[in-house]
Amino acid sequence: MENNKHYLFEIKPFSDEDGFLAVFEEEKQIPFKIRRIFYEYGVEKTSLRGKHANKISRFCLIAVSGSCDVIVEDGKSKMVYKLDKPHKVLFLDRMVWKTMTNFSKDCVLLVLSDCLYDKNEYIRDFEEYKKLIK
């Protein structure tokens, strides 16, 4: 179910006899100007990554290799998204709690953000998060 806080979408990759090309352009396929890019890899299958919400940052997550699950809570719903194709993109708006888990051995999770890193905008306590979103 698509809503304005988090949703999954796909980019139509280009293909020819030599392979595939997936194109992500800011403010076109990606719904914001990209200010920061990072990726996670070598994460154990049972590890939990994320476990926070952001006050001002928005994100797009892409498993460019392998797969992982992203558990998303927004105060109204809790959903699990499976990222398992390099042209699938998960959009996460501000104030969405996110936890990544179930990483395959070959998973590389690419993250695009509209904000530079600022430790002060992170909410790492779930009880505090629940109070703030009410």
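Everything below is about the structure shown above.
Now for a description of the structure that goes with this document. Source: prediction; values computed, not measured.

1. Considerations on the nonpolar core
Part 1 of the reasoning: Core analysis: the biggest nonpolar cluster contains 17 residues, and Leu61, Val70, Leu83, Leu90 and Leu109 have the highest contact counts within it.
Part 2 of the reasoning: Mapped by element, the contributors of at least two residues to this core are β6 (59–65), β7 (68–73), β8 (78–83), β9 (88–92) and β11 (108–113).
Part 3 of the reasoning: Excluding its chain neighbours within four sequence positions, the residues that come into contact with leucine 109 are Phe38, Tyr39, Glu40, Leu61, Ile62, Ala63, Cys68, Leu83, Met100 and Phe103.
Part 4 of the reasoning: One finds Ile11, Phe91, Leu110 and Leu112 within the second-largest nonpolar core, a separate group that totals eleven residues.

2. Re the packing of aromatic side chains
Part 1 of the reasoning: Within the structure shown, the criterion is met by seven aromatic pairs.
Part 2 of the reasoning: For the pair tyrosine 7 and phenylalanine 9, a centre-to-centre distance of 5.9 Å together with 45 degrees between the ring planes defines the contact as tilted. For the residue pair tyrosine 7 and phenylalanine 9, the accessibility class agrees, reading buried in each case.
Part 3 of the reasoning: Judged by centre distance (5.6 Å) and plane angle (35 degrees), the ring pair of tyrosine 39 and tyrosine 41 falls under tilted. Each member of the pair, tyrosine 39 together with tyrosine 41, is exposed.

3. Quick notes on the pairing of strand β10 (residues 97–101)
Part 1 of the reasoning: Among the five residues of β10, five are classified as buried, and the element is accordingly described as predominantly covered.
Part 2 of the reasoning: Burial along β10 is two-sided: Trp97, Thr99 and Thr101 and Lys98 and Met100, pointing in opposite directions, are all buried.
Part 3 of the reasoning: Where strand β5 (residues 49–54) meets β10, three bridges bridge the pair, whose relative direction is antiparallel. Within the sheet, the bridge partner assigned to histidine 52 lies in β10 and is lysine 98.

4. Regarding the sheet that holds β10
Part 1 of the reasoning: Strand order across the open sheet formed by five strands is β8-β7-β10-β5-β12, with antiparallel pairing between neighbours. Looking along the sheet, the strands with just one partner apiece sit at the ends: β8 and β12 (122–123).

5. Examining the sheet that holds strand β4 (residues 36–41)
Part 1 of the reasoning: Taken together, the five strands give an open sheet; going across it, the order is β1-β9-β6-β11-β4, and neighbouring strands pair in antiparallel fashion. Only two strands of the sheet have a single neighbouring strand rather than two, namely β1 (6–10) and β4. With strand direction ignored, the average angle separating the axes of adjacent strands in the sheet is 25 degrees.
Part 2 of the reasoning: When β6 meets β11, the two strands line up antiparallel, connected through six bridges. Paired with alanine 63 across the bridge in β11 is leucine 109.

Conventions used here
Residues numbered from 1 in each chain as written. Predicted model: local features only at pLDDT ≥ 70, side-chain atom pairs only at ≥ 80, totals over all residues. Heavy atoms only, no water. Core = buried A, V, L, I, M, F, W, Y, C linked by side-chain atoms within 4.5 Å. Buried < 20%, exposed > 50% of the residue type's maximum accessible area, 1.4 Å probe, protein only. Helix = DSSP H or I, 4+ residues; strand = E, 2+ residues; numbered from the N terminus. Contact = heavy atoms within 4.5 Å. Phe/Tyr/Trp six-rings, centres within 6.5 Å; stacked < 30°, edge-to-face > 60°. Pairing = 2+ DSSP bridges. Axes fitted to C-alpha atoms, helices over the stretch in contact; angles between N-to-C directions.

What is shown is where atoms sit, not what they do.
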